[in-house]
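Read off the chains here:
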2 protein chains.
Amino acid sequence: MTHSEENYLKVIYHLSVVSPRGVNTNAIAGMIESKASSVTDMVKKLAEKELILYQKYQGVTLTEKGLLAAKMIVRKHRLWEVFLVEKLDFTWDEVHDVAEELEHIKSEKLINKLDAFLGFPTEDPHGDPIPNAKGEIKKIDKQLLSDLETGQKGICVGVKDSASSFLQYLDKQQIALGSKIEIIGKETFDMSLTIIVDGKEMIISNKIANNLFVKLAT
Amino acid sequence: MTHSEENYLKVIYHLSVVSPRGVNTNAIAGMIESKASSVTDMVKKLAEKELILYQKYQGVTLTEKGLLAAKMIVRKHRLWEVFLVEKLDFTWDEVHDVAEELEHIKSEKLINKLDAFLGFPTEDPHGDPIPNAKGEIKKIDKQLLSDLETGQKGICVGVKDSASSFLQYLDKQQIALGSKIEIIGKETFDMSLTIIVDGKEMIISNKIANNLFVKLAT
DNA sequence: AAATATTTTTAGTTTTGTCTAAATTTTAAT
DNA sequence: ATTAAAATTTAGACAAAACTAAAAATATTT
Ligand SMILES: [Mn+2]
Ligand SMILES: [Mn+2]
Ligand SMILES: [Mn+2]
Ligand SMILES: [Mn+2]
């Protein structure tokens, strides 16, 4: 599989979460940063290789084979992110672009040895699950902070968006994975939240709350 | 720079050692495993980018810029080889192909952090020198085992060829970097050598002796 | 020095992955 | 049910990196 084919497969995999009944050409083009016509071409090739099911005008879905291949790319991406943060002292906002390149290195032995070296981590630095060598993913019990009610408490376990500007904002506010968050107020006008993060009170916008995953604390 | 351009540059760099007055089209084609006509095309592109000097029919030489770029690729290749052996427990015959891919990852920060993580190694698992971040290379005092006289002793410090079949042969004979080698006899007919490796006597062919580097022990 | 062999370059194709512009199909709105 | 809008596909083109076959330049023999 080429570099480009792998990128398409991964994007289709991610889009499948929200569009399980078929991923659109345009959505793929948006993620890959290419044009719809280019997507049509590539999608035909992937269908030819039986990695996806493609019906003209109806969008695409991954086959079993394509799903496993996509998971293996995601596995590599996330393991490399763990390596960069844990071993090379990268910050969580610096790792994504490098991992985008590293995920294409073709060596099963490499990735399995890396996995062992890192102690078989189950989550990456952004709280996303890492598929194991068989492609199995441990379901993480989490929900968006924006879905919590006033008075509820949770522990920050992941980010939905991992744009570096967002991650750097979180660093500045001292919000990290593991932080205890309690909601003490909701503004109905703009849906902004007043929260207490590890004892410190602050106000965050709805957009922030919409991109933070928490595990509900009872 | 593309993947392919980097491979050409690296090959030209290696061939420059034996052909400092200009590397031939055919020699490059042999190493890249492509055809002379393809080399001509690529060589024009590299000259256009001022990475090499190219005169029709006269071979190519690296510019300062091209030399530094080539050294950075070699640096990455060898640091990744050290990583694979030291941290992921690969054997020295398994690392080259993976490093061929890893050497193209584009991140200065990554390679310098990797360098630090590995403790700034100066040689790779095959005894080849690793250029530092400035492109400086520590000259290693070594010579071919085949150039030693009967009675001389040395310590194995590197291999000239690093084909996995050769490396596996060395493993089988328990010859490794650091082994003490003494020449106790030379056969004039086929230039085979009788040697003592860490106390163990054995016979090796001229081809083996021609691919082993030793540091002379006084 | 001329003839021959070798090396290198040019010319013309191919494949991969992209693009623009036009045509087609599907979806949404009157 | 038409019509308008949006999404998707087709057609044709291009750049990168490879190839084969033929032409040109250089090197080697006789
Ligand atoms: Mn990422
Ligand atoms: Mn991640
Ligand atoms: Mn190598
Ligand atoms: Mn090496």
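In this text, all values refer to a predicted model and were calculated from it rather than measured experimentally. (Residues numbered from 1 in each chain as written. Chains lettered and ligands numbered in written order. Predicted model: local features only at pLDDT ≥ 70, side-chain atom pairs only at ≥ 80, totals over all residues. Heavy atoms only, no water.)

Asker: Provide a residue-level description of the interface of chain B and chain A, including the pertinent values.
Answerer: Contacts between the two partners involve 20 residues from chain B, matched on the other side by 20 residues from chain A. When residues of chain B are sorted by the area they lose upon contact with chain A, Leu 88, Glu 101 and Lys 113 of chain B head the list and together hold 28% of the total. Inspection of the chain B/chain A interface yields two salt bridges. Notably, a salt bridge pairs Lys 109 of chain B with Glu 94 of chain A, separated by 2.5 Å at the nearest N-O pair. (Contact = heavy atoms within 4.5 Å. Buried area = accessible area lost by both parts, 1.4 Å probe. Salt bridge = Lys/Arg side-chain N within 4 Å of Asp/Glu carboxyl O.)

Asker: If you had to explain the UniProt feature "domain: HTH dtxR-type" (unreviewed entry) in chain A to someone new, which residues and values would you point to?
Answerer: What UniProt calls "domain: HTH dtxR-type" (unreviewed entry) maps, in this numbering, to residues 1-63 of chain A. Secondary structure content for residues 1-63 of chain A is 59% helix and 10% strand, while the C-alpha to C-alpha distance between its ends is 15 Å. (UniProt positions renumbered as here; feature names shortened; annotations may be inferred. Helix = DSSP H or I, 4+ residues; strand = E, 2+ residues; numbered from the N terminus.)

Asker: So what's going on with the coordination of the manganese ion (ligand 4)? Which residues, and what values?
Answerer: All of the protein donors around the manganese ion (ligand 4) are Glu 81 of chain B (OE), Asp 124 of chain B (OD) and His 126 of chain B (ND1); their distances to the metal are 2.1 to 2.3 Å. In the primary sequence, the donor residues of the manganese ion (ligand 4) line up as E-x42-D-x1-H. (Donors = N, O, S within 2.8 Å, 3.2 Å for Na, K, Ca; no water.)

Asker: Before we move on, could you go through the relation of the copies chain B and chain A and cite the residues and values that matter?
Answerer: The two chain copies are related to each other by a rotation about an axis together with a translation along it. When chain B is brought onto chain A, the operation consists of a screw motion whose angular component is 180 degrees and whose axial shift is 0.0 Å, with 0.1 Å RMSD remaining. Both copies are brought into coincidence by an operation consistent with a two-fold rotation axis. When C-alpha distances to the rotation axis are compared across chain B, the minimum falls at Leu 102 of chain B, with a value of 3.8 Å. (Least-squares fit on C-alpha atoms with pLDDT ≥ 70 in both.)

Asker: Which residues make up the packing of helix H1 (residues 3-18) of chain A against helix H2 (residues 25-32) of chain A, and what values do they have?
Answerer: Residue and element names in this part refer to chain A. Orientation of H1 relative to H2, taken along the N-to-C sense of each, is 120 degrees, at an axis distance of 10 Å. With respect to their mutual orientation, H1 and H2 come out oblique. Relative to H2, the crossing made by H1 is right-handed. Side by side, H1 and H2 meet where Asn 7, Tyr 8, Val 11, Ile 12, His 14 and Leu 15 of the first sit next to Ala 27, Ile 28, Met 31 and Ile 32 of the second. Considering only residue class, the contact of H1 with H2 consists of eight nonpolar, two polar and no charged. (Axes fitted to C-alpha atoms, helices over the stretch in contact; angles between N-to-C directions. Parallel < 35°, antiparallel > 145°, perpendicular 65-115°, else oblique. Left-handed = near helix turned anticlockwise from the far one by under 90°. Nonpolar A, V, L, I, M, F, W, Y, C, P; charged D, E, K, R; others polar.)

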